[in-house]
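So you can see what is in the structure, the chains are spelled out below.
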Amino acid sequence: MIRKALFCSIVMSLAVPSATALDVSGSFIQGGLAMGRTTPGTRLFLGGRAVPVSPGGDFMLGFGRDVPPEVVLQEISPDGVMTVHRLTVGQRIYQIQRIEGLPQRKVMPDPDDLARIRTERRLVTAAQRKTAANLLSGSDFAWPAKGRISGVYGSQRVLNGKTRRPHLGVDVAAPVGSPVSAMADGRVMFTHPGMFFNGQTIILDHGLGLSSIYIHLSEVAVEQGEKVSKGQLIGKIGSTGRVTGPHLHWGVRWNGVDLDPALLVSQRP
């Protein structure tokens, strides 16, 4: 659902406000991403959290799985005038996905596994925070793999009968060795040869707080720090980590918020 933002704005300043130049469009729905431009030097806060803004005034806004129907965007102009925008965000109903046949250790990790999992999560979080000050790609994103969609964003996961965290990405099922490509231009911020849940992993930075992650790979074809282009081969589908069969888990995160990758792209190939 791509549309202009629905703004209800309130100027909060005793000074005479300058005309706002804020322009935002995109997917104003849970899991969606919007892109915008404002006057250089403007500061933005979404739900009280600072929004990365490029020196030229470009920015993004991401809406999480459970974001409420209305969120507040604070805009502070270079001359100190604050404007409060109230954004309307579409709400979604999520599926429940039940998966059986996983190794029990992958559902109920032992203490040593839990320590490893915590360490690996910190590595991923740290990598996703390393973001370029400018947007490294345009708004035209691409599917990273071809295959059957075996998991969707937001679904509540029940693994071997145990309720677990919601699924925060898209799963594309395909044979081991099938190609995986970059969804957009960017830089390789992280690779790993085998994480407990994720298996072989790649994280790309696309700038302004936006990153993409590709997991369960059988092969990593890029190196940390390498620049990549949209559609470039970066790895191959595998069945490493916590899986019941070969597939790519593709995730997108903005400024610490997990988004729905399927909302960023057109009809899949």
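See above for the structure.
Peer 1: Is there a simple way to think about the pairing of strand E21 (residues 247-254) in this case?
Peer 2: Each regular strand displays side chains that alternate between the two surfaces of the sheet. Burial within E21 is extensive, with 8 of its 8 residues counted as buried. Side-chain alternation along E21 places His-247, His-249, Gly-251 and Arg-253 on one buried face and Leu-248, Trp-250, Val-252 and Trp-254 on a second face that is also buried. With 4 bridges connecting them, strand E14 (residues 170-173) and E21 associate as antiparallel partners. Pairing of Val-172 across the sheet is with Leu-248, part of E21. Inspection of the sheet shows strand E18 (residues 210-220) paired to E21 by 6 bridges, in the antiparallel sense. Residue Tyr-214 lies in a different strand from E21, and its bridge partner there is Trp-250. Summarising the sheet, E21 and strand E22 (residues 257-259) pair through 3 bridges and their orientation is antiparallel. Within E22, the residue paired with Trp-254 across the bridge is Val-257. Counting the residues that bridge the hairpin from E21 to E22 gives 2 residues, and of these Asn-255 lies at a positive phi of roughly 50°.

Peer 1: For this particular structure, what's the right way to read the packing of aromatic side chains?
Peer 2: To describe a pair of aromatic rings, one takes the distance between the centres and the angle between the planes. This structure, assessed with the given rule, holds 4 aromatic pairs. Taken together, a centroid distance of 5.4 Å and an interplanar angle of 40° make the contact between Phe-28 and Phe-63 tilted. In this pair, Phe-28 is assigned in the loop between strand E3 (23-26) and strand E4 (33-37) and Phe-63 in the loop between strand E7 (58-62) and strand E8 (70-76), connecting sequence segments 35 residues apart. By relative accessible area, which is 1% here, Phe-28 ends up buried. On the numbers, 6.4 Å between centres and 70° between planes, the contact of Tyr-94 with Tyr-153 is edge-to-face. Taken together, the residues span a long stretch of sequence, with Tyr-94 in the loop between strand E9 (82-88) and strand E10 (96-99) and Tyr-153 in the loop between strand E11 (148-151) and strand E12 (156-159) at a distance of 59 residues. With a relative accessible area of 18%, Tyr-94 lands in the buried category. For Tyr-153, a relative accessible area of 4% corresponds to the buried category. Geometry around Tyr-94 places Arg-65 over its ring, the cationic atom sitting 4.3 Å from the centre.

Peer 1: Would you mind showing me how to read the sheet that holds E10 here?
Peer 2: Backbone-to-backbone hydrogen bonds pair the strands of a sheet. The strands run either parallel or antiparallel. In space, the 3 strands of this open sheet follow the order E10-E12-E13, with mixed pairing throughout. A single partner strand is all that each edge strand has here, and the edge strands are E10 and strand E13 (162-163). Note: E10 against E12, 4 bridges, orientation parallel. Looking at E12, one finds that Gln-97 is bridged to Arg-157.

Peer 1: Help me understand the environment of Leu-159 in this model?
Peer 2: Relative to the helices and strands, Leu-159 is located in strand E12. Look at Leu-159 and you get buried, because its relative accessible area is 2%. Through-space distance from the C-alpha of Leu-159 to that of Leu-204 is 28 Å; in sequence the pair is 45 residues apart.

Peer 1: Looking at this structure, I do not really get the pattern of salt bridges. What am I missing?
Peer 2: Pairs can form between side chains of opposite charge once their charged atoms are near each other. Across all of its chains, the model carries 8 salt bridges by this definition. Of the charged contacts in the structure, one is a salt bridge between Arg-65 and Asp-66, with a shortest N-O distance of 2.8 Å. Overall, Arg-65 belongs to the buried group, its relative accessible area being 15%. Under the relative-accessibility criterion, Asp-66 is labelled exposed at 56%. The shortest N-O distance in the salt bridge between Asp-258 and Arg-253 comes to 3.0 Å. Arg-253 shares its class with Asp-258; the two are buried.

Scoring rules and cut-offs
Residues numbered from 1 in each chain as written. Predicted model: local features only at pLDDT ≥ 70, side-chain atom pairs only at ≥ 80, totals over all residues. Heavy atoms only, no water. Buried < 20%, exposed > 50% of the residue type's maximum accessible area, 1.4 Å probe, protein only. Helix = DSSP H or I, 4+ residues; strand = E, 2+ residues; numbered from the N terminus. Pairing = 2+ DSSP bridges. Phe/Tyr/Trp six-rings, centres within 6.5 Å; stacked < 30°, edge-to-face > 60°. Lys NZ or Arg CZ within 6 Å of the ring centre and 35° of its normal. Salt bridge = Lys/Arg side-chain N within 4 Å of Asp/Glu carboxyl O.

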